[in-house]
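Architecture and fold: a report
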Amino acid sequence: MSETRVRPALRGRELILAVLRWILIVFFALYTLFPLVWLFISSLKTNFEFLAGSPFALPAVPQWQNYINALTVAGLGRMLLNSVIVGLSATVFNVVVASMGAYCISRFRFRGRERIFTLFTAGILVPLNALMVPYFVIINKLGLYNTYGGMILLYCAIGIPMSTFLIRGLMDSIPMELEEAAYIDGCGFFGRFFHIILPLSRTGIVTAATFEFLTCWNEFVFANLIVSSEKLRTIQVGIRYFTNQFSTDYVSMYAAIMISIIPSIIGYILFQEQIIAGMTSGAVKG
Amino acid sequence: MKLERTDRAPLWAFLTPALVLMLVFFVIPVLYVAVVSVLKWNGISAPEFRAVRNYVLLFKDKAFVRSVLNNVIWALVAGFIQVPLAMVMAIILSRKPRGWKFFRTVYFFPQVISGIALAMLWRAIYNAETGLLNGILRSVGAGHLAKDWLGTIETAFPAVLIYWIFYVGYYMVIMMADITTIDESYYEAATIDGATDFQQAIHITIPLIRRTSLLTCITLASVMGLRQFEQVYMLTNGQPANTTSTIVLYMYKKLQDSNYGMASASAVILIIVGVVFIVCIRAIFEGRGETVKVRKGRAGR
């Protein structure tokens, strides 16, 4: 632990390293934050202020009107709602299906288990973008082009390997003795699932759900592919169309981008542990 | 747990939904692209067998070759520039300097913001007239360097590629998690022997994460580099003159033209390039250097 170690006064090379260290730390932080702050400040300017003034100047009066513009004129409110509907539904279906699957893979030994296990793990590695053509065809064949159902089904499905992986990880850590005791007491397959395994794997399920929702919220490629109706557009697809609609109204466009970013950042700050756990544990073991 | 006979039916009932989804959205699609890649098909009329003609046409198309090249550059830059930067930051932050939690949170931001929003943000930054980058250049008296970054052939691809390199949060967090499992006693012993932080990083930390999280991150970053779509789609749509195209963007455009065969063939190429990358990276890491004998704290306990 560096903070408990007693450090002699920094000299020479060590001093240079310490300075370098802080330059790097601050550089990477500014690199991430500064563009966001610039975008936010610009989104509160008038178009005249934005075009004529310095990029660093603050707006004379914050133009919250830009946000109202983006929400009403461009129908951003509707798109946010679409994203919430699709994201929540897909997440619920996804974790239900994944927990059921994870229970079987984690707690039972049966023929074909190894193969199924490999299939799920391999699913994490598949480059989904490469499957654009079949997804487009399958969704069309199922009659789900241009529907909430199509997006929900696709999002639910592509998240299955990851969610199963995250939930199974937690289920694996539950001692067998617990379940065996319940079994002796006459608790059946479903009883053990609902009363023992599910409550004990809560944290894994929350991690999977958070990760799945964030993925749905930010997803663009497939939402753009299988939906063309303006009424069904999610926020990510929606903001892409702003470039045409608001081509000269920069500040409203920036407000729109901010509106799509803010929920992600708030969600991240609220669920930081789950999001980081979800994104990294899958990477390390997958 | 031993499976009781009575459990067999509920077990398969529980597994079926997940299995069906995996079958329909993973197994079948992968087979599908392989099959369709040898057909001439527009999705409506009867498909026509073409053998490898689609692949030949792909490699005759300069736009496709350029796309593959761009993806390879992207994967290499991500794996061998972005990840090492992330590693440096992981080593620095894992020594827990003041405010490290705050910085970790900030570095991770780009990972939770959608790719499309980030791309739009950077389009605004690179904008020739109103962009932040040109604004900064003009305000420091370097206005002559200001240009249309995304519209100029020389700068378009570097511009699309570079902004992502400094978003190191994701790989940094993965490596930090790994570094915290290293037994503290190695560092204590090294400190007693008078090793500086820098020497400790070179001789303890990096060798210990080399085959685990560093390898994982390089693999992940390269694979992500091969899958790029939103960035280029939003920033340049492959322009100017296809210099910023990627395989997935090329595939998307073929799909828009209802050229299912060519689109699927490029998907197959994408998957193959991905596998080649993974195999090569593994080979580089397995083949070189002695086996690390010291064990991590976690493993022994």
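Residues numbered from 1 in each chain as written. Chains lettered and ligands numbered in written order. Predicted model: local features only at pLDDT ≥ 70, side-chain atom pairs only at ≥ 80, totals over all residues.

**Structural notes on the overall build of chain A**
When helices and strands are counted, chain A shows 15 helices and zero strands. Relative to the 2.2 N^0.38 estimate, which gives 19 Å for 286 residues, the radius of gyration of chain A is 24 Å and therefore markedly larger than a compact globule would have. Overall, chain A is about 75 × 70 × 35 Å in size when its C-alpha atoms are taken along their principal axes. Residue burial in chain A is summarised as follows: out of 286 residues, 45% are buried. Of the contacts made within chain A by residues no fewer than 6 positions apart, 78% connect residues no fewer than 24 positions apart. (Helix = DSSP H or I, 4+ residues; strand = E, 2+ residues; numbered from the N terminus. Rg over C-alpha atoms; globule rule 2.2 N^0.38 Å. Buried ≥ 20, exposed ≤ 12 C-beta atoms within 10 Å, placed from the backbone. Contact = placed C-beta atoms within 7 Å.)

**Focus: the overall build of chain B**
When its secondary structure is counted, chain B shows 14 helices and two strands. Summarising its shape, the C-alpha atoms of chain B cover approximately 80 × 75 × 35 Å along the three principal directions. Relative to its full complement of 301 residues, chain B shows a buried share of 44%. Counted over contacts in chain B with a minimum sequence separation of 6, partners at least 24 positions apart contribute 71%.

**Quick look at the domain arrangement of chain A**
Frequently, the measure chosen for interface size is the accessible area that the parts lose on association. Residue and element names in this part refer to chain A. Partitioning chain A into domains gives domain 1 (12-64) and domain 2 (68-285). Between domain 1 and domain 2, the residue contacts involve ten residues of the former and eight residues of the latter. Of all the elements in the fold, those that place two or more residues in the side of domain 1 that touches domain 2 are helix 1 (12-43) and helix 2 (47-52). For the side of domain 1 that touches domain 2, the element with the most residues is helix 1, which contributes four residues. (Domains from an automatic or database assignment.)

**Re the environment of A208(A)**
Residues and elements named next belong to chain A. By the secondary structure assignment, A208 is in helix 11 (residues 202-218). When the C-alpha atoms of A208 and I167 are compared, they prove to be 6.8 Å apart, with 41 residues separating the residues in sequence. With residues near it in sequence (within four places) discarded, A208 still touches V95, A98, S163, L166, I167 and G278.

**What about the packing of helix 1 of chain A against helix 4 (residues 100-112) of chain B?**
Helix packing for two helices is described by the angle between their axes and how far apart those axes are. It is the contact of helix 1 of chain A with helix 4 of chain B, at a shortest axis distance of 9 Å, that shows an interaxial angle of 45°. Compared by their axis directions, helix 1 of chain A and helix 4 of chain B come out oblique. Once helix 1 of chain A is placed against helix 4 of chain B, the crossing between them reads as left-handed. Mapping the contact onto sequence places I25(A), F28(A), A29(A), T32(A) and L33(A) in helix 1 of chain A and F103(B), V106(B), Y107(B), F109(B) and P110(B) in helix 4 of chain B. (Axes fitted to C-alpha atoms, helices over the stretch in contact; angles between N-to-C directions. Parallel < 35°, antiparallel > 145°, perpendicular 65-115°, else oblique. Left-handed = near helix turned anticlockwise from the far one by under 90°.)

**A closer look at the interface of chain B and chain A**
On the side of chain A, 76 residues touch chain B, which itself brings 80 residues to the contact. The element that contributes the greatest number of residues to the side of chain B that touches chain A is helix 1 (residues 8-36) of chain B, accounting for 18 residues. When the residues that make up the side of chain B that touches chain A are grouped by side-chain class, the tally is 61 nonpolar, 13 polar and six charged. (Nonpolar A, V, L, I, M, F, W, Y, C, P; charged D, E, K, R; others polar.)

**A short note on unusual backbone geometry**
Cis peptide bonds are those with omega within 30 degrees of zero, and the linkage from Q239(B) to P240(B) qualifies with -10°. In this model, N146(A) sits at a positive phi of 65°, which is unusual for a non-glycine residue. Within the secondary structure, N146(A) is located in the loop between helix 6 (132-141) and helix 7 (148-158). What makes N146(A) partly exposed here is the crowd of 16 C-beta atoms within 10 Å.

**Observations regarding helix 13 (residues 235-245) of chain A**
Listed in full, the buried residues belonging to helix 13 of chain A are I235(A), Q236(A), V237(A), G238(A), I239(A), R240(A) and F242(A). Residues of helix 13 of chain A that are buried in the fold lie against helix 4 (76-107), helix 11, helix 12 (221-226) and helix 14 (250-270) of chain A together with helix 5 (115-126) and helix 11 (230-235) of chain B.

**Details of the confidence of the model for chain B**
All names here are of chain B. Scored by pLDDT, chain B has a mean of 86; 93% of the residues are at 70 or more. When mean pLDDT is taken per element in chain B, helix 3 (residues 62-94) scores highest with 94 and helix 14 (residues 297-300) scores lowest with 37. Below pLDDT 50 for its whole length, residues 289-301 participates in 13 contacts with residues either more than four positions away or in separate chains. Interface confidence in the predicted complex, given as ipTM, is 0.85; pTM for the same model is 0.86. (pLDDT = per-residue confidence, 0-100.)

**Concerning the nonpolar core**
With 174 residues, the main nonpolar core has I257(A), M172(B) and M175(B) as its most contacted residues. Of the residues that make up this core, three or more belong to each of domain 1 (12-64) and domain 2 (68-285) of chain A. Sequence-distant contacts of M172(B), defined by excluding residues within four places in its chain, comprise A86(B), M89(B), A90(B), L93(B) and Y107(B). (Core = buried A, V, L, I, M, F, W, Y, C linked by C-beta atoms within 7 Å.)

**Focus on helix 8 (residues 169-179) of chain B**
Of all eleven residues that make up helix 8 of chain B, ten are buried, and the element is covered over most of its length. Among the residues of helix 8 of chain B, G169(B), Y170(B), Y171(B), M172(B), V173(B), I174(B), M175(B), M176(B), D178(B) and I179(B) are the ones counted as buried.

**Some words on the environment of I139(A)**
Residues and elements named next belong to chain A. For I139, the position within the fold is in helix 6. For I139, a count of 23 C-beta atoms within 10 Å gives the class buried. Spatially, the C-alpha atoms of I139 and V206 are 28 Å apart, while their sequence positions differ by 67 residues. Those residues within four positions of I139 in sequence are excluded, and the remaining contacts are L144, Y145, G150, L154 and I226.

**A few points about the environment of E286(B)**
Residue and element names in this part refer to chain B. On the secondary structure map, E286 appears in helix 13 (residues 260-287). Judged by the 11 C-beta atoms lying within 10 Å of it, E286 falls in the exposed class. In this structure, the C-alpha to C-alpha distance between E286 and S94, residues 192 residues apart in sequence, is 26 Å.

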